[in-house]
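Next come the chains, spelled out residue by residue.
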Amino acid sequence: MASYAERLEPVWREGSGLASWVGTVDHKRIGLRYLYTGFAFFVIAGLEAMLMRVQLARPELAVLSPQAYNELFSMHGVTMMFLFATPVLSGFGNYFVPLMIGARDMAFPRLNAFGYWVFLGAGFFLNSAFIIRQAPDDGWFNYLPLANANFTPSLAIDFYALGLIFIGVSTTSGAINFIVTILKLRAPGMTLNRIPIFVWGELAFALTVVFALPALTIASVFLELERRFGFHFYDAAGGGDPVLWQHLFWFFGHPEVYLVVLPALGLASAIIPTFSRRTMIGYTYIVLAELFIFVISFGVWVHHMFAVGLPTIAMGFISAASFMVVIPSGTQIFAWLATMVSGRLVLSTPMLFVLGFILLFVIGGLSGAMFSAVPFDQATTDSYFVVAHLHYVLVGGAVFPMFAGLYHWGPKILGRKLDERLGKISFWLMFVGFNLTFFPMHIAGLLGQPRRTYTYHEGLGWDLPNLLSTMGVFVMGAGILVTFWNWLRSEHQGELAGDDPWGGETLEWTTGSPPPEYNFETIPTVRSREPAWDQPELHGGAQPPEQGGRPLTAGHTTLSTSVTDAEPQAIVRMPHASPWPMFLTLALMLTFYGMLLSSWGVAVAGAAASVGALMGWLWPRGETQET
Amino acid sequence: MTVAAHELEPTERLDEVLPSNANGSASFAWWGMVWLIATEAALFGTIIVSYWYLRFRSAPAWPPDGIAKPELVLPLIMSAILWSSSIPVHVADRAGREGDERTLRIGLLIGWVLGAAFLALLLTVEYPEVLREFTPRTNAYGSLFFTLTGLHGLHVAAGLSFSAWVQVRAWRGAFDAQRHVSVQNFAMYWHFVDVVWLFVLLTIYLSPHL
């Protein structure tokens, strides 16, 4: 009798060649695409930041025109938030959530492929604005009335609004996919209190998207209707209110900040126990803290608007809620510290990045707590102090964990370890470069330097901090390049990793590196929160059926389990590769470009093609279950 | 066909005794629809909150600029038609679970006709009537009126397409007592669109009379 692997291999193999490249639904290939594409946008947005720093190196330089500067800081923010941070965290989630919960794929593999293609299409759409030199130039939060048709008559804001609606399709479909995957595809025995914290982080991220992103979508729809067709939502003369944009944008925007940080916190929680060689202290409190952050993120949006002139009572409530964020954040930090102190710390590169993250996140959190106080916020609003704070939170709180993730999971993805020495060089360059770039901005901000201005006069005390910041960005850039080089180099000549190079505790370490297309030879039965430590029979990815492993070799299937207790409910047939998700994306791109250029014929043709592609996608071919 | 998990010995080949078709809350598609509806509810909620925000930011007169308060007779008739469509859809949903194909087809068809009647009344009677008094370009009130009712109308149209798709497959015999999650998902979506209409009716048509 053939082994499980020999029977699963032909069923799950996608092969190579163009059809497989276009049609793949393998969550690992899709996750990797998210990572590579997201980091490509990271490079683009990073270069935009470098250009800005060169312009600001000395007073009254003229490297960039004011208009170019406006476009660069707007696109830097939009790209970093929507095309880098969210997709890269989705990429880690895509690759590792099914592996960590013992599933064979995501719940909706074709929707997963669709989400990636739309992300790529929307990223292209937004950046194509540079080609016709009409890139968004009103900042990433795009305030009205500056962004209306009178003050920004070019296509810049239409690229912004339509692009954000378009990428919302990708983010929302991805979020729903994560939620259903985490609720329904967990290996038998993985009850709610055994879910890895990283998976909880992705769940909190996805829930935030589901409830927060519609506010941005509607805000953008209102904006386009007002700009194109003369509707009235934001213009006071027609009964609208420009502050409505701010409310809608920040009702989305603040949760967006947390949804970037939540999976990153989860990433740290995935790494700390492995490198402390002990179970996580306060698992329950960390999970509750993540969920509490998800809830509270919907109650703090007005703290971005303390300088608008809102009623004092509203600001009082929001200020109190903002201070409350300190509680769940602090809970997690103390749980991590306790775990590290009581364990046997191994200072490998992933752990180094996590330590750097904790330090930077605490600094960013301290300046964040300062902003919760209304008078301080009003004194420093729109200054470089804000720029310093948000980069400590977002770069410290999300980029450093991502790099930790690259070093932690790189061996699983590549099958080879990344070089430790290069990793440490990269960390120190990034850590020193980051602080050199952003710490002086606190001082420049307190000395009154406003953000979003393309130059400044001599003799205001801003010269030195700005010069230091510009120097720092090149040090940090060098550190980032070292990691990229390390990755590319290790892909071919790194030391072979084996299944479990770090002695990790979660299920992804029990299967091959890189994992086979079907992930696990048998879908395991989990009896512990740290299954890879407590269940030695799991190693090799093939728990024997006598101990609960389910080979499911009869078809292209995975297991559906109950939401709370993960008891097996049904065998679910999974769809095979399909090109239709990509065709649908192309049709949608046609629609969006038609709308952008007011070519309504093109837009209608694109919409019709979209309906056709959707029918092609859903047409029953007898291979999947009736859905 | 179905065996509860706790009745199984760990040594049994579970993939041979578990059902090979999932419906309702055992299926992934059903949960996908739940979360699609959740995000759609947030979408409608955002517009409704924007409506109330702009209403309270504007002058005491609402509707503004001398626009008359909305007529209620036709909207209430439309409401009765739309809400009554949930009954045959519910009957069809249950018939689908029991494998009663004939009732399934008839229920879906009646639901489709009622939904189409609602949409036809909106587009051919209600909108022309309203457009004689104001347009989306008149002021924020007009913009909100047409954006909210228009988005709901789009959802009714999407529901009708969804229904047509399910009906074609019902006629081809795609559903039985073991396989009917598409019918369940359509029914869930359709009831959602009907519930949203309650909030649209309260906000757009009834609240200006307060």
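Residues numbered from 1 in each chain as written. Chains lettered and ligands numbered in written order. Predicted model: local features only at pLDDT ≥ 70, side-chain atom pairs only at ≥ 80, totals over all residues.

## Observations concerning the overall build of chain A
How we decide: Helix and strand assignments follow DSSP, with helices taken as H or I runs no shorter than four residues and strands as E runs no shorter than two, numbered in order from the N terminus. What the globule rule says is 2.2 Å times the number of residues to the power 0.38, and the radius of gyration is computed from C-alpha atoms. Partly exposed residues are those whose C-beta has more than 12 but fewer than 20 other C-beta atoms within 10 Å; 20 or more makes a residue buried and 12 or fewer makes it exposed, with C-beta atoms placed from the backbone. Throughout, a residue-residue contact means that the two C-beta atoms, derived from backbone geometry, are no farther apart than 7 Å.
Of the regular secondary structure elements, chain A holds 19 helices and two strands. By the compact-globule yardstick of 25 Å for 627 residues, chain A fits well, its C-alpha radius of gyration being 24 Å. C-alpha atoms of chain A, sized along the principal axes, occupy 80 × 60 × 50 Å. Counting all 627 residues of chain A, 59% fall into the buried class. Once local pairs closer than 6 in sequence are excluded, the contacts in chain A between residues at least 24 apart make up 80%.

## Regarding the nonpolar core
As a reminder of what qualifies: We define the nonpolar core as any set of buried residues of the types Ala, Val, Leu, Ile, Met, Phe, Trp, Tyr and Cys, connected via C-beta atoms lying within 7 Å of each other.
In this structure, Ile179(A), Ala268(A), Val354(A) and Ala404(A) are the most contacted members of the largest nonpolar core, which totals 247 residues. Val354(A) has contacts with Ala268(A), Ile271(A), Ile272(A), Pro401(A) and Ala404(A), leaving out every residue within four places of it along the chain.

## A word on the interface of chain B and chain A
Note the cut-off: Following the grouping adopted for this structure description, the nonpolar residues are Ala, Val, Leu, Ile, Met, Phe, Trp, Tyr, Cys and Pro, the charged ones are Asp, Glu, Lys and Arg, and the polar ones are all others, Gly among them.
Opposite the 43 residues of chain B that make contact, chain A presents 43 residues. Counting only elements with at least two residues in the side of chain B that touches chain A, the list comes to helix 1 (28–57), helix 5 (140–171) and helix 6 (181–206) of chain B. The element that contributes the greatest number of residues to the side of chain B that touches chain A is helix 1 of chain B, accounting for 16 residues. Its residues assigned to classes, the side of chain B that touches chain A shows 24 nonpolar, 13 polar and six charged.

## As for the confidence of the model for chain B
Note the cut-off: One confidence number per residue, pLDDT, is output by the predictor and ranges from 0 to 100.
Residues with a pLDDT of 70 or more make up 92% of chain B, whose mean pLDDT is 91. Of the two predicted TM-score estimates for the complex, the pTM is 0.95 and the ipTM is 0.94.

## Considering the environment of Thr46(B)
Inspection of the secondary structure puts Thr46(B) in helix 1. Residue Thr46(B) is classed as buried on the basis of its 22 C-beta neighbours within 10 Å. Every residue in contact with Thr46(B), bar those within four places of it in the chain, is listed here: Pro214(A), Ala215(A), Ile218(A) and Leu248(A).

## Points about helix 8 (residues 242–276) of chain A
Residues and elements named next belong to chain A. Formally: By definition here, a helix of n residues has an expected span of 1.5 Å times n minus one. Here the bend at a residue is taken as the angle between two axes, fitted respectively to the seven residues that end there and the seven that start there.
Taking 1.5 Å of rise per residue, the 35 residues of helix 8 would be expected to cover 51 Å, and the 51 Å separating its terminal C-alpha atoms lies within 8% of that figure. In helix 8, a bend of some 30° at Trp250 exceeds every other bend along the element. For helix 8, the tally of buried residues reaches 32 of 35 residues, placing the bulk of the element in the interior. Immediately downstream of helix 8, the backbone of Arg277 shows phi near 55°, a positive value.

## Examining the packing of helix 18 (residues 580–596) of chain A against helix 19 (residues 600–618) of chain A
All names here are of chain A. What counts here: To define axes, lines are fitted to C-alpha atoms, for helices over the stretch in contact only, and angles between the resulting N-to-C directions are given on a 0 to 180 degree scale. The scheme is simple: roughly parallel for angles under 35 degrees, roughly antiparallel for over 145, roughly perpendicular for 65 to 115, oblique for anything else. Left-handed is the label given to a crossing in which the near helix is rotated counterclockwise from the far helix by less than a right angle, and right-handed is the label when the rotation is clockwise.
In contact at an axis separation of 7 Å, helix 18 and helix 19 are set at 165° when each is read in the N-to-C sense. The orientation of helix 18 relative to helix 19 falls into the category roughly antiparallel. By crossing handedness, the relation of helix 18 to helix 19 is classed as left-handed. Packed against helix 18, whose contacting residues are Trp580, Pro581, Phe583, Leu584, Ala587, Leu588, Leu590, Thr591, Tyr593, Gly594 and Met595, the element helix 19 presents Trp600, Val602, Ala603, Ala605, Gly606, Ala607, Ala609, Ser610, Ala613, Leu614, Gly616 and Trp617 at the interface. In terms of residue class, the contact of helix 18 with helix 19 is made up of 18 nonpolar, five polar and no charged.

## Comments concerning the packing of helix 2 (residues 73–84) of chain B against helix 6 of chain B
Residue and element names in this part refer to chain B. Where helix 2 contacts helix 6, the axes come no closer than 10 Å and their chain directions differ by 170°. Taken together, the axes of helix 2 and helix 6 are roughly antiparallel relative to one another. In this structure, helix 2 uses Pro75, Ser79, Leu82 and Trp83 to contact helix 6, whose residues at the interface are Asp194, Trp197, Leu201 and Tyr205. For the contact of helix 2 with helix 6, a count of residues per class yields six nonpolar, one polar and one charged.

## Observations regarding the pairing of strand 2 (residues 568–573) of chain A
All names here are of chain A. Our working rule: A pair of strands is considered paired only if DSSP assigns at least 2 bridges between the two.
Most of strand 2 is tucked away, with five of its six residues classed as buried. Where strand 1 (residues 557–561) and strand 2 come together, five bridges link them in antiparallel fashion. What sits directly across from Leu559, in strand 2, is Ile571. Here strand 1 folds back onto strand 2, and the loop between the two strands holds six residues, one of which, Ala566, carries a positive phi near 55°.

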